Amino acid sequence: MTATGAVWRNWGRSESIRPQRVERPRDAEAVQRAVAAAAKQGMRIKAVGAGHSFTGIAAAPGVLLDLEDISGVLDVDLERGRVRLAAGTHLHQLPRLLRPYGLALQNMGDIDRQTIAGATSTGTHGTGGAFGGLATQIVAVTLVTGSGELLTISDDENAELLPAARLGLGALGVLVDMTLQCVPAYLLKAVERPEPLQQVLDSYLDRSASEDHFEFYWFPHTETGLTKTNTRLPLTERRAPLSTAGRWVDDELLANGIYRGVCAVGTMAPAIIPPFSRLAQRLTGNRDFTDYSPRVFVTNRTVRFREMEYAIPREAVPGALAEVKALIERQGWRISFPIEVRSAAADDNWLSTAYGRESGYIAVHRYFREDPTAYFTAVEEIMKASDGRPHWGKLHFRDAESLRETYPRFDAFLAVRDRLDPDRRFENAYLRRVLGP
């Protein structure tokens, strides 16, 4: 929680700012008053969530709106499986909130620390060739526009704005609530296996299309892919969760505790990284279990890092990853973090990284105390050659002129921005770069 006069920092420690004022509204009307006051004083105003974006998308040099108190379930339509949630609700709260209604999210990413508003505004997604990102599950939103108006956007009201508002980058207004189309709660059967990397690349397109949720990790300096295949099952099937001890060893001791130490030492002695990566791929990624969907989708990550992720046409993924592998070998870089590869269905949200095409995702990471610039810049050039689209909440070096070329409805989004925030009340440096003035 940031106080007025204090410095706000994001989780990855890639952004920091000292807002002129911090406000903590408790309802939509308080948000309206805050926006009106900022306008009267000629100040910019931004809502922040959990700070899990690596870019400056939420940085608020003027008024920072902390929506922590605007949280929880506001309404439930059990007949249609729809739940209206306050914007400051965190994803990790949803299993508890949805359980009484027998509902769950259709798909989730592997981190659940974000707020629901922050996650949809940046294009957060999970994996699964037939499933879209979080924004595709949203059927209605309520936001406060630049003029202070409380605007509802849904299938029944202002429906033409939904493809922009579901994934609005915080540029259209302050989200105060959203309605999600949920599904009956379900189990996931998880099968995690190490496999030869070339075999994984050769089978990626087929498995992304045929499996419910398929992804893999590749530790640079190895020839192994750690595959994760999750299959959807009804709640009537038998649960077989990981033991408490087994989950702690895999997810806390190895993936967080020991790994944090290796990353720290690796900044001073990079030579230890390749042998550790080879050891890590032998010790992890070989288990089966069945559990409630959120307990399978989500991984606890406490080692700080910085990330860049690109969406490219799915058929381009194997070749692009092979190029990244060759790049790392050619440059002699010592990369301690694995590369993550996922997929998503095409959707119709204008600024979605999966807009209009079946997409594959390649995410690269570096420990937060290492400079990622050279690595990320070189990988970005490979992704741009495949008409790549960067994740809005993860590091990249693109600007509005460059992004317009890959988003067919880019100018349509800007027209909505002109309508809802003509005075750029919600602008900051990042939005100026990626959307223009």
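The notes below deal with the structure included here. These numbers were taken from a predicted model, which means no experiment stands behind them.

With respect to the overall build of the protein chain
Thought 1: For the protein chain, the count of helices and strands is 13 helices and 20 strands.
Thought 2: Relative to its length of 437 residues, the protein chain is compact, with a C-alpha radius of gyration of 21 Å against a globular reference of 22 Å.
Thought 3: C-alpha atoms of the protein chain, sized along the principal axes, occupy 60 × 50 × 40 Å.
Thought 4: Counting every position in the protein chain, which comprises 437 residues, the buried fraction comes to 59%.
Thought 5: Sequence-distant contacts, at least 24 apart, represent 72% of the contacts inside the protein chain between residues at least 6 apart.
Thought 6: Accessible surface for the protein chain amounts to roughly 17,500 Å². Of this, 50% is attributable to carbon and sulfur atoms.
Thought 7: Of the charged side chains in the protein chain, 53 are positive and 54 negative; the average position of the first set lies 6 Å away from that of the second.

With respect to the packing of aromatic side chains
Thought 1: One pass over the full model with this rule turns up 10 aromatic pairs.
Thought 2: With 6.3 Å between their ring centres and 75° between their planes, Tyr 204 and Phe 216 make a pair best called edge-to-face. With Tyr 204 in helix α5 (residues 197–210) and Phe 216 in strand β14 (residues 213–218), this residue pair connects regions lying 12 residues apart in the sequence.
Thought 3: Measuring from centroid to centroid gives 5.5 Å for Phe 305 and Phe 337, while their planes differ by 50°, and the two rings are tilted. Taken together, the positions of Phe 305 in strand β17 (residues 305–313) and Phe 337 in the loop between α9 (317–331) and β18 (339–344) put the pair 32 residues apart, joining distant regions of the chain.
Thought 4: With relative accessibility at 7%, the residue Phe 337 sits in the buried group.
Thought 5: Taken together through their ring pairs, the aromatic side chains of Trp 11, Phe 54, Phe 305 and Phe 337 make up a single cluster.

Observations regarding the sheet that holds strand β19 (residues 359–367)
Thought 1: Ordered by their spatial adjacency, 8 strands build an open sheet running β16-β13-β15-β14-β18-β19-β17-β20, and the pairing between neighbours is antiparallel. Single-partner strands in this sheet number two, and they are β16 (287–292) and β20 (389–390).
Thought 2: Summarising the sheet, β17 and β19 pair through 9 bridges and their orientation is antiparallel. Looking at β19, one finds that Phe 305 is bridged to Tyr 367.
Thought 3: Across the sheet, α5 is in contact with β13 (187–196), β14, β15 (224–233), β18 and β19; its angle to β14 comes to roughly 160°.
Thought 4: Along the sheet, helix α10 (residues 373–384) makes contact with β17, β18 and β19, crossing β17 at roughly 10°.

Rules behind the numbers
Residues numbered from 1 in each chain as written. Predicted model: local features only at pLDDT ≥ 70, side-chain atom pairs only at ≥ 80, totals over all residues. Heavy atoms only, no water. Helix = DSSP H or I, 4+ residues; strand = E, 2+ residues; numbered from the N terminus. Rg over C-alpha atoms; globule rule 2.2 N^0.38 Å. Buried < 20%, exposed > 50% of the residue type's maximum accessible area, 1.4 Å probe, protein only. Contact = heavy atoms within 4.5 Å. Areas by Shrake-Rupley, 256 points an atom, 1.4 Å probe, with all protein chains shown as cover. Lys, Arg positive; Asp, Glu negative; His and termini not counted. Charge placed at Lys NZ, Arg CZ, Asp CG, Glu CD. Phe/Tyr/Trp six-rings, centres within 6.5 Å; stacked < 30°, edge-to-face > 60°. Pairing = 2+ DSSP bridges. Axes fitted to C-alpha atoms, helices over the stretch in contact; angles between N-to-C directions.

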